[in-house]
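# Structural overview for review
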Amino acid sequence: MFDPEGFVRFCQKARTAKDAPAIIHAELLRIVAAPPEIAVPRIGDFRASRLHRSPTLTVLHTAYPPSTRTPPHNHGTWAVVSVYRGREDNVVYERAGRSLTATGRESMHAGEAVRLDTDAIHDLSTCANEPTCSIHVYGADLYDSTNHSMWLPPLLEEEPYQEALFFRAAREMMRAV
């Protein structure tokens, strides 16, 4: 059975290692290989899924509703993202001045995990027919990072991450689907 508190302790210890993202990636692959053993958090309640938040580590356990969409954003730190139910589709971007240029697409399915570098910029959307459940680990305080940016529609110009504006834009994008 997935033990959220035990996983946070694991991440706190791994965080001090030189290859922290690789260590956490391997553990997340082990965890998401057994999805029935993971209790799904409340679907769509993004704040309730914060397992840990500190200046050096954020751990989230998410349950995105079907057809969730987010604006492009970065995390300002390395990240390890896994999926254990549903699918997460990402558009990957590069900076073009204050705007962005899409450079690729990637999908993650149940049982998969990926590592994102500090400079990675992406948006995400989830499948339309079921919730997408995932566990995310970030190497800093995701909600207080001075390097964390977002690019809100329609202009897609870089601005500092602001949680309320980000989630408002995500809700508007979901309604537009």
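Residues numbered from 1 in each chain as written. Predicted model: local features only at pLDDT ≥ 70, side-chain atom pairs only at ≥ 80, totals over all residues. Heavy atoms only, no water.

### Regarding the side chain of D89
Topologically, D89 is positioned in strand β5 (residues 87–96). There is a polar contact of 2.9 Å between the side chain of D89 and the side chain of R87. Excluding its chain neighbours within four sequence positions, the residues that come into contact with D89 are E106, S107, D123, L124 and S125. (Helix = DSSP H or I, 4+ residues; strand = E, 2+ residues; numbered from the N terminus. Polar contact = N/O pair within 3.5 Å; in protein donor to acceptor, adjacent residues only side chain to side chain. Contact = heavy atoms within 4.5 Å.)

### Focus on unusual backbone geometry
Between P153 and the following residue, P154, the backbone shows a cis peptide bond with an omega angle of 5°. With respect to the helices and strands, P154 occurs in the loop between β10 (149–152) and β11 (157–160). The residue S67 is not glycine, and still its phi comes out positive at about 65°. Structurally, S67 is set in the loop between β2 (57–64) and β3 (73–74).

### Some points on the side chain of T70
Its location among the elements puts T70 in the loop between β2 and β3. Residue classification places T70 among the buried residues on the basis of a relative accessible area of 8%. Look past the residues within four positions of T70 in its chain and what remains in contact with it is D123, L124, F166, A170 and M173. (Buried < 20%, exposed > 50% of the residue type's maximum accessible area, 1.4 Å probe, protein only.)

### A closer look at the packing of aromatic side chains
The geometry of two aromatic rings is summed up by the distance between their centres and the angle between their planes. Inspection of the entire model under this criterion finds four aromatic pairs. Considering the side-chain rings of F7 and F10, the 6.4 Å spacing of their centres and the 15° angle between planes classify their relative orientation as stacked. With a gap of three residues between them, F7 and F10 both fall in helix α1 (residues 4–14), about one helical turn apart. Ring centres of F166 and F167 lie 5.6 Å apart, and the angle between their planes is 80°; this geometry places the pair in the edge-to-face category. (Phe/Tyr/Trp six-rings, centres within 6.5 Å; stacked < 30°, edge-to-face > 60°.)

### A word on the sheet that holds strand β4 (residues 79–85)
Sheet strands pair by backbone hydrogen bonding; their relative direction is either parallel or antiparallel. Strands sit in the order β1-β2-β9-β4-β7 across an open sheet of five strands; the sheet is antiparallel. Since the sheet does not close on itself, it has two edges, and those belong to β1 (50–54) and β7 (112–116), each with one partner. Neighbour-to-neighbour, the strand axes of this sheet turn through a mean angle of 15°, independent of strand direction. The sheet contact formed by β4 and strand β9 (residues 132–138) spans six bridges and is antiparallel. In the strand pairing of β9, V81 is matched with H136. (Pairing = 2+ DSSP bridges. Axes fitted to C-alpha atoms, helices over the stretch in contact; angles between N-to-C directions.)

### Some words on the pattern of salt bridges
If you walk through the whole model with that rule in mind, you get six salt bridges. Two residues, R53 and D141, come together in a salt bridge whose shortest N-O distance is 2.8 Å. Residue R53 is located in strand β1, and its partner D141 is located in the loop between β9 and β10; the two are separated by 88 residues in the primary sequence. The class of R53 is partly exposed, set by a relative accessible area of 44%. Its salt-bridge partner being R85, residue E130 comes within 3.8 Å of it at the nearest N-O pair. (Salt bridge = Lys/Arg side-chain N within 4 Å of Asp/Glu carboxyl O.)

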